[in-house]
Amino acid sequence: MDISALYTQIIIMFLLMGVGAICYKRGIITDEGSGQMSTLIMTFVAPCVIIHSFCRPFDPAMLSKLITSFAMSVLLLAVSIGLATLVFRKGTPDYADKRMCVIFSNNGFMALPLLQALYGDDGVFIGSINIVATNILIWTYGVWLLSRASGRASGGVNWRKILLNPGTIGFFVGLAIFLTSFQLPEIADSTVSFLADLNTPLAMIVLGVYLAQSNLKEIVKDRSMYVVSLFRLAVVPLITIVLLMLLPFDRSVSAVLIISISMPCAVAASMFAQMYGTNYRYSSRIIAFSTLLSAITMPVMLSLYQLLAA
């Protein structure tokens, strides 16, 4: 991992966020507009990033890395669930939202652009399975947790949303292309490529809008923000580093997982909180705060991993 390239990419990402914040403050992008941009990213752009990374000849070694990444992603999510449950017990104010923000990282909006910049399509290829594992857990455990906290009946597991959300569909389409070594027609391939190229600028601009929507003065006075962010940005990544050092994983898989896990709180934590009736405004504040702090913590965690893995 090229640490100088990492710092460069993080600076670029935060400059793009600055553009989003300025656009929101000046009314160029509205609340409705940012929501539409988010929907565009999740529905078309992010799936195209994944599909584009899978447009390659079948390689058994890469398939093995994909399977390994999925197994480790599930393990790390399980560890995060156990940790969040232990720290934020039922009855703690906004306990469900705090758990969601600790467990789920922003492995789509922020991780994919970083993986693309540092490792190209190989990084996105391996990292995409972490998104699939997250989608499965957020539509099962996440929905159950938030529904219980809000007093709403969950109505059981919604397998349709687990299997038919854009991220999972993009993964399965890409996987089929990879397993069969199918080549997309040139027109389709170019279209997918153009949409995939939108991911970094659009995602960072939307995150900048989210930051601009938050009252940072109010956020920094809330001590719970620091506690949740500490677990999301430091404790969980440190546990991940230890596990990856102890287990015999391929270095490329480990590096991709470290990046995915070191991300700030997932934007989906706020979206699902709003859907299922918990304190989504609180989640939004944590997302904004952890995103700002991640400019410091991400390079530290990745540098630590590189030092230990050397």
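Above this text you will find the structure in question.
The model shown is predicted, which means the values in this text are computed figures rather than measured ones.

### Considerations on helix α9 (residues 199-212)
Every α-helix carries 3.6 residues per turn, so stepping three or four residues along brings you back to the same face.
Thinking step 1. For α9, which comprises 14 residues, the first-to-last C-alpha distance of 20 Å matches the rise-based estimate of 20 Å (1.5 Å per residue) to within 8%.
Thinking step 2. All of the buried residues along α9 are N199, T200, L202, A203, M204, I205, V206, L207, G208, V209, L211 and A212.

### Focus: the pattern of salt bridges
Thinking step 1. The tally for this structure, following the rule as stated, stands at two salt bridges.
Thinking step 2. D122 is paired through a salt bridge with R56; the nearest N and O atoms lie 2.6 Å apart. In this pair, D122 is assigned in helix α5 (residues 111-150) and R56 in the loop between α2 (31-54) and α3 (60-87), connecting sequence segments 66 residues apart.
Thinking step 3. When its relative accessible area of 17% is taken as the criterion, R56 is described as buried.
Thinking step 4. Taking the shortest distance from any N to any O, the salt bridge between D250 and K65 comes out at 4.0 Å. Of the two residues, D250 sits in the loop between α11 (223-246) and α12 (251-261) while K65 sits in helix α3, which places them 185 residues apart along the sequence.

### Regarding the packing of α5 against α12
Between two packed helices, what matters for the description is the angle formed by their axes and the separation of those axes.
Thinking step 1. For the pair α5 and α12, interaxial distance at closest approach is 9 Å and the crossing angle is 100°. Here α5 is positioned roughly perpendicular relative to α12, judged by the angle of their axes. Judged by residue contacts, A111, L114, L115, L118, Y119, G123, I126, G127 and N130 of α5 engage S252, V253, A255, V256, L257, I259, S260 and I261 from α12.
Thinking step 2. Looking at the contact of α5 with α12 residue by residue, the class counts come to 12 nonpolar, five polar and no charged.

### Notes on a nonpolar patch on the surface
Thinking step 1. The grouping of W159, L163, L164, I169, F172 and V173 at the surface amounts to a nonpolar patch, some 590 Å² of accessible area in total.
Thinking step 2. Going through the elements one at a time, α6 (159-163) and α7 (166-180) are the ones with two or more residues in the nonpolar patch.
Thinking step 3. The dominant element in the nonpolar patch, judged by the number of residues it contributes, is α7, at three residues.
Thinking step 4. Tracing the sequence through the fold places L163 in helix α6.
Thinking step 5. L163 gets classed as partly exposed once you look at its relative accessible area, which sits at 45%.

### Describing the environment of R26
Thinking step 1. Along the chain, R26 turns up in the loop between α1 (3-25) and α2.
Thinking step 2. On a C-alpha basis, the gap between R26 and I81 in space is 40 Å, while along the polypeptide they are 55 residues apart.

### Digging into the nonpolar core
Thinking step 1. Grouped together as the largest cluster of nonpolar side chains are 98 residues, with contacts concentrated most on F54, M100, F104, M110, L114, F171 and F272.
Thinking step 2. Aside from chain neighbours lying at most four places away, what touches L114 is L6, Q9, I10, M13, I259, M263 and M298.

### A few points about the side chain of N135
Thinking step 1. With respect to the helices and strands, the residue N135 is situated in helix α5.
Thinking step 2. Once residues lying within four places of it in the same chain are set aside, the contact partners of N135 are N165, G167 and T168.

### Quick notes on the environment of N130
Thinking step 1. Mapped onto the secondary structure, N130 falls in helix α5.
Thinking step 2. For the pair formed by N130 and A266, sequence separation is 136 residues and the distance between their alpha carbons is 13 Å.
Thinking step 3. Other than its neighbours up to four places away in sequence, N130 contacts S73, N107, L257, S260 and I261.
Thinking step 4. Within the structure, the side chain of N130 is placed 3.0 Å from the side chain of S73, a separation counted as a polar contact.

### Overview of the environment of T200
Thinking step 1. Position of T200 among the secondary structure elements: in helix α9.
Thinking step 2. Separated by 11 residues in the primary sequence, T200 and D189 have C-alpha atoms spaced 19 Å apart.
Thinking step 3. Ignoring any residue separated from it by four or fewer positions in sequence, one finds T200 in contact with Q9, L16 and P113.

Conventions we followed
Residues numbered from 1 in each chain as written. Predicted model: local features only at pLDDT ≥ 70, side-chain atom pairs only at ≥ 80, totals over all residues. Heavy atoms only, no water. Helix = DSSP H or I, 4+ residues; strand = E, 2+ residues; numbered from the N terminus. Expected span 1.5 Å × (residues − 1). Buried < 20%, exposed > 50% of the residue type's maximum accessible area, 1.4 Å probe, protein only. Salt bridge = Lys/Arg side-chain N within 4 Å of Asp/Glu carboxyl O. Axes fitted to C-alpha atoms, helices over the stretch in contact; angles between N-to-C directions. Parallel < 35°, antiparallel > 145°, perpendicular 65-115°, else oblique. Contact = heavy atoms within 4.5 Å. Nonpolar A, V, L, I, M, F, W, Y, C, P; charged D, E, K, R; others polar. Patch = residues over 30% accessible without salt bridge, like charges linked within 9 Å, V, L, I, M, F, W, Y side chains within 5 Å. Areas by Shrake-Rupley, 256 points an atom, 1.4 Å probe, with all protein chains shown as cover. Core = buried A, V, L, I, M, F, W, Y, C linked by side-chain atoms within 4.5 Å. Polar contact = N/O pair within 3.5 Å; in protein donor to acceptor, adjacent residues only side chain to side chain.

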